[in-house]
Amino acid sequence: MAITKKNNSSAYFIKGILNGEIDVLSKAITVIESANPAHRKLAANILKGLNNIKTNSFRLGITGVPGVGKSTFIESFGKKLIEKNHKLAVLAIDPSSTKSKGSILGDKTRMEELSKSKNVFIRPSPNGKSLGGVARSTYETILLCEAAGFDFIIIETVGVGQSEIAVSRMTDFFLLLMLAGAGDELQGIKRGIMEMADSLVITKADGNNKEKAKIARGEYARAMHLLPAPESGFTARVEVCSALENQGMDKIYDLIQSYKTHVSANQYFQHKRKTQNNELLKIAAEEYLISAFNNDKSVQKKIKELSAKKFLPFVEAVKLVDRFIK
């Protein structure tokens, strides 16, 4: 994105975002995602200008194995949110090519019906090359959407993998979607992903899969009870749904409302957001330090010298870092 006389001012973006102008919001997100130094400076000024805006939003993270129907679920559940008078923003982290850095960015076509609503904003974005990259661009995009008046934010992840860790650090409720009838119901499900989940939903509970979904629900519920009690004090639930038939969405909405009521009453909601901010601060600091270290000319010169001979990596790493810090 080229910075022009019209959009080189943070005031232009701040005014447009607060007025709910979608074209300005989209341009601001493009600035946020850019690695261009001028764009990063402009992004920082935009975020500073919106930092004190009070919002009343809820952030929902959604993940699941490939083929579980995340986008179909979001379209069906999103329509339920619109019925409940929410303004919805959907941020989908798309898989990026490690070679071309390109991404599919096809979520508007996969959520065609939902995208037609005037109260819905769908923004697919590439996942980048690092966990910190996901955290920064997605988190800052969330802040922009909230300032633009969207009170319910859904973040759809690529699938079960590293991006889930980043998304769990910036959402209020983490929902894991699972399939029934795909062999051993618990096989291949990482314990860490289940521990991060606030609740589970068995998808595609329609046709011949209805009975399988009920069986899977019981198995997942038993597995969830074996996990350590969550810090929130909320008992995770397992629901079933058919996004294709729009079945089960009321129960899932009620589940999330129950969670909101629970964590608001015990003040865990704000505690979690403060904790997340601290975690993101550390991630950002680590990313910046690593980048600065790798781009330092003296560091690169020393690494080149070391590579020409046999050396002890961990011993030399301590020396390199100490020298770089000083």
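Before any of the text, the structure's been laid out above.
Described below are features of the structure shown in this document. (Residues numbered from 1 in each chain as written. Predicted model: local features only at pLDDT ≥ 70, side-chain atom pairs only at ≥ 80, totals over all residues. Heavy atoms only, no water.)

1. Here we look at the overall build of the chain
Along its length, the chain carries 14 helices and seven strands. Buried positions account for 43% of the 326 residues belonging to the chain. Long-range contacts, defined as pairs at least 24 residues apart, comprise 75% of the intrachain contacts of the chain with a sequence gap of at least 6. (Helix = DSSP H or I, 4+ residues; strand = E, 2+ residues; numbered from the N terminus. Buried < 20%, exposed > 50% of the residue type's maximum accessible area, 1.4 Å probe, protein only. Contact = heavy atoms within 4.5 Å.)

2. Structural notes on the packing of aromatic side chains
Applying the stated criterion to the full structure yields nine aromatic pairs. Seen in terms of ring centroids, F58 and F152 are 5.6 Å apart; in terms of plane orientation they differ by 50 degrees. Their pairing is tilted. Note that F58 is positioned in strand β1 (residues 58–64) and F152 in strand β4 (residues 152–156), a separation of 94 residues in sequence. A relative accessible area of 1% means that F58 is categorised as buried. Measuring from ring centre to ring centre gives 5.5 Å for F293 and F324, while their planes differ by 85 degrees; the resulting arrangement is edge-to-face. Of the two residues, F293 sits in helix α12 (residues 268–295) while F324 sits in helix α14 (residues 313–325), which places them 31 residues apart along the sequence. (Phe/Tyr/Trp six-rings, centres within 6.5 Å; stacked < 30°, edge-to-face > 60°.)

3. Some details on helix α1 (residues 10–18)
Taken together, the buried positions of α1 are Y12, F13, I14, G16 and I17. Where α1 begins, one side-chain oxygen reaches toward the backbone nitrogen of A11, 3.1 Å away; that side chain belongs to S9. Backbone geometry just after α1 places G20 at a positive phi near 75 degrees. (Polar contact = N/O pair within 3.5 Å; in protein donor to acceptor, adjacent residues only side chain to side chain.)

4. Quick word on the environment of A89
Considering the arrangement of structural elements, one finds A89 in strand β2 (residues 88–94). Judged by its relative accessible area of 0%, A89 falls in the buried class. Sequence separation between A89 and G78 is eleven residues; the distance between their C-alpha atoms is 9.3 Å. Excluding its chain neighbours within four sequence positions, the residues that come into contact with A89 are F121, C145, F150, F152, I153 and I154.

5. Considerations on unusual backbone geometry
Of note in the backbone geometry, K204 takes a positive phi value of approximately 55 degrees without being a glycine. Considering the arrangement of structural elements, one finds K204 in the loop between β6 (199–203) and α10 (210–225). Overall, K204 belongs to the partly exposed group, its relative accessible area being 37%. Of note in this structure, N246 is not a glycine but carries a positive phi near 55 degrees. Here N246 lies in the loop between β7 (238–240) and α11 (249–265). The exposure class of N246 is partly exposed, given its relative accessible area of 41%.

6. Here's the deal with the pattern of salt bridges
Scanning the model with the defined rule gives twelve salt bridges in all. Measuring nitrogen to oxygen at the nearest pair gives 3.5 Å for the salt bridge that ties R136 to E140. Of this pair, R136 and E140 both sit in helix α7 (residues 131–147), separated by four residues, roughly a single helical turn. Exposure remark for R136: the relative accessible area of 29% places this residue in the partly exposed category. Across the salt bridge formed by E316 and K319, the nearest N and O atoms sit 3.8 Å from each other. Of this pair, E316 and K319 both sit in helix α14, separated by three residues, roughly a single helical turn. Among the residues examined, E316 registers a relative accessible area of 17% and is labelled buried. The class for K319 is partly exposed, based on a relative accessible area of 42%. Members of the salt-bridge network, linked through shared partners, are R40, R136 and E140. (Salt bridge = Lys/Arg side-chain N within 4 Å of Asp/Glu carboxyl O.)

7. Here's the deal with the side chain of E146
Along the chain, the position of E146 falls in helix α7. For E146, a relative accessible area of 5% gives the class buried. Of the polar contacts made by the side chain of E146, one reaches the side chain of S57; its length is 2.5 Å.

8. Examining the pairing of β6
Judged by how many residues are buried, β6 sits mostly within the fold: five of five residues are covered. Neither face of β6 is exposed, since S199, V201 and T203 on one face and L200 and I202 on the opposite face are all buried. Two strands pair when backbone bridges link them, and strand β5 (residues 173–179) and β6 are joined in this way by five bridges, in the parallel orientation. The residue of β6 that forms the bridge with L179 is T203. When β6 meets β7, the two strands line up parallel, connected through three bridges. Of the residues in β7, the one forming a bridge with I202 is V240. For the segment spanning β6, α10 and β7, crossover handedness is right-handed. (Pairing = 2+ DSSP bridges. Right-handed = clockwise from strand over helix to strand, strands pointing away.)

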